[in-house]
Amino acid sequence: MRVGIGYDAHRFASGRKLILGGIELPFGEGLSGHSDADVLVHAIMDALLGAAGLPDIGFHFPPEDPRYDGASSIDLLAHVNKLVIRAGFSISNVDATVIAERPKIAPFLDGMRRAISGSLEIGPANIGIKATTNEGMGFIGRGEGIGTIAVAMLTERTGE
């Protein structure tokens, strides 16, 4: 078994859609970033890549590469899944915590779980997503953005 940890954070930006966990949330602002800035999916990708012993998402999807300008992170996650499989691993489970003062994301967790599990080709029961606040502390606590921490567990593929 192999375990990886991922983290990502982005500030809010006007004029963008808020994409989190591969779905659009109804909110007045999105997140600033080169792709769709999906902090949840970005943290999961780094956790998976780290567990597989592969370079991080900045290596695979460099921000200076125009191909990834506005890219769908949930599509990039499907590519990371292929990299993990090529490296000889299967995804056992992913667990993530989204840290945000706003918006409230609890009503959207099932949709996020389904979108992520579809890209990873594993059951939604293998995807844990929780939400918490930063209790008013730091940039997240001041409502300036969203952060996420994720953990992924991989097992070696055998007999394939």
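Residue positions are given per chain, counting from 1 as you read along its sequence in written order. Under the rules for a predicted model, residues below a pLDDT of 70 receive no local features and side-chain atom pairs below 80 are neither given nor counted, while totals for whole chains, interfaces and linings still include all residues. Excluding hydrogens and water, the side-chain values take into account all heavy atoms of the structure.

> Help me understand the pairing of strand β6 (residues 127-132), please; the structure alone is not making it clear to me.
Taken together, the six bridges between strand β5 (residues 89-99) and β6 define a ladder with parallel strand orientation. Of the residues in β6, the one forming a bridge with V94 is I127. Look down the strands so they point away from you; if the path from the first strand over the helix to the second goes clockwise, the crossover is right-handed. Strands here are runs of E lasting at least two residues and helices are runs of H or I lasting at least four, both read from the DSSP assignment and numbered beginning at the N terminus. For the crossover that starts at β5, traverses helix α4 (residues 109-120) and ends in the parallel β6, the hand is right-handed. Pairing between two strands is assigned when DSSP locates at least 2 bridges connecting them.

> Just to check I follow, could you spell out the nonpolar core for this structure?
In summary, soluble globular proteins display a tendency toward joint burial of nonpolar side chains. Definition of nonpolar core: a set of buried residues of the types Ala, Val, Leu, Ile, Met, Phe, Trp, Tyr and Cys, connected through side-chain atoms within 4.5 Å. Any residue under 20% of the maximum accessible area for its type is buried, any over 50% is exposed, and the rest in between are partly exposed; the area is computed with a 1.4 Å probe on protein chains only. One finds L40, I44, L48, L77, I116 and L120 to be the most contacted residues of the largest nonpolar core, which totals 46 residues. Contributions of two or more residues to this core are made by β2 (18-20), α1 (39-51), α3 (73-86), β5, α4, β6 and β7 (145-156). Among the elements that line this core, the one with the most residues is α1, at ten residues. In this description, contact between two residues means that some pair of their heavy atoms is separated by no more than 4.5 Å. L40 has contacts with L20, G21, A96, V98, M112, I116, I129 and T148, leaving out every residue within four places of it along the chain.

> Is there a simple way to think about unusual backbone geometry in this case?
Trans is the prevailing form of peptide bonds, just as negative phi is the prevailing case for residues other than glycine. Look at the link from R102 to P103: it is a cis peptide, with omega at -10 degrees. Structurally, P103 can be placed in the loop between β5 and α4. You will see that A37, though not glycine, has its phi angle at about 65 degrees, which is positive. Here A37 lies in the loop between β4 (30-31) and α1.

> Where do I start with the layout of surface pockets in this structure?
It is a probe the size of a water molecule, rolled over the atoms, that shows where empty space is left. Within this model, the largest pocket holds a volume of roughly 230 Å³. Within the residue set of the lining of the largest pocket, elements represented by two or more residues are β1 (2-13), α1 and α2 (57-60). Grid spacing is 1 Å over the protein atoms alone, the probe is 1.4 Å, and a cavity is where that probe fits but cannot get out, while a pocket is an open set with protein on both sides within 12 Å along at least five of seven lines and lining residues have an atom within 4 Å of a point. Grid points are joined across faces, edges and corners, and a volume is the space filled by probe spheres set on the points.

> Please explain the sheet that holds β1 as it appears in this structure.
By way of backbone hydrogen bonds, the strands of a sheet pair with one another, either parallel or antiparallel. With mixed pairing, five strands are arranged side by side in an open sheet as β4-β1-β7-β5-β6. The open sheet has two free edges, formed respectively by β4 and β6, since each of these has just one partner strand. Helix-sheet contacts for α4 involve β5 and β6, and the interaxial angle to β6 is about 145 degrees. Here an axis means a line fitted to C-alpha atoms, over the contact stretch when the element is a helix, while the angle between two N-to-C directions is reported on a 0 to 180 degree scale.

> Explanation requested: the environment of E135 in the structure shown.
Checked against the element boundaries, E135 lands in the loop between β6 and α5 (138-141). Here the alpha-carbon distance between E135 and E101, two residues 34 residues apart in the chain, equals 7.7 Å.

> What exactly am I supposed to notice about the packing of α1 against α4 here?
A pair of packed helices is characterised by two quantities: the angle between their axes and the separation of those axes. Their axes nearest at 12 Å, the elements α1 and α4 cross at an angle of 35 degrees. Read as a crossing pair, α1 and α4 show a hand that is right-handed. The segment α1 lies against α4, with L40, V41, I44 and L48 engaging M112, I116 and L120. Taken together, the residues of the contact of α1 with α4 break down into seven nonpolar, no polar and no charged. Should the near helix be turned counterclockwise from the far one by less than a right angle, the crossing is left-handed, whereas a clockwise turn marks it as right-handed. Gly is put with the polar residues, along with every residue not named as nonpolar or charged; the nonpolar set is Ala, Val, Leu, Ile, Met, Phe, Trp, Tyr, Cys and Pro, and the charged set is Asp, Glu, Lys and Arg.

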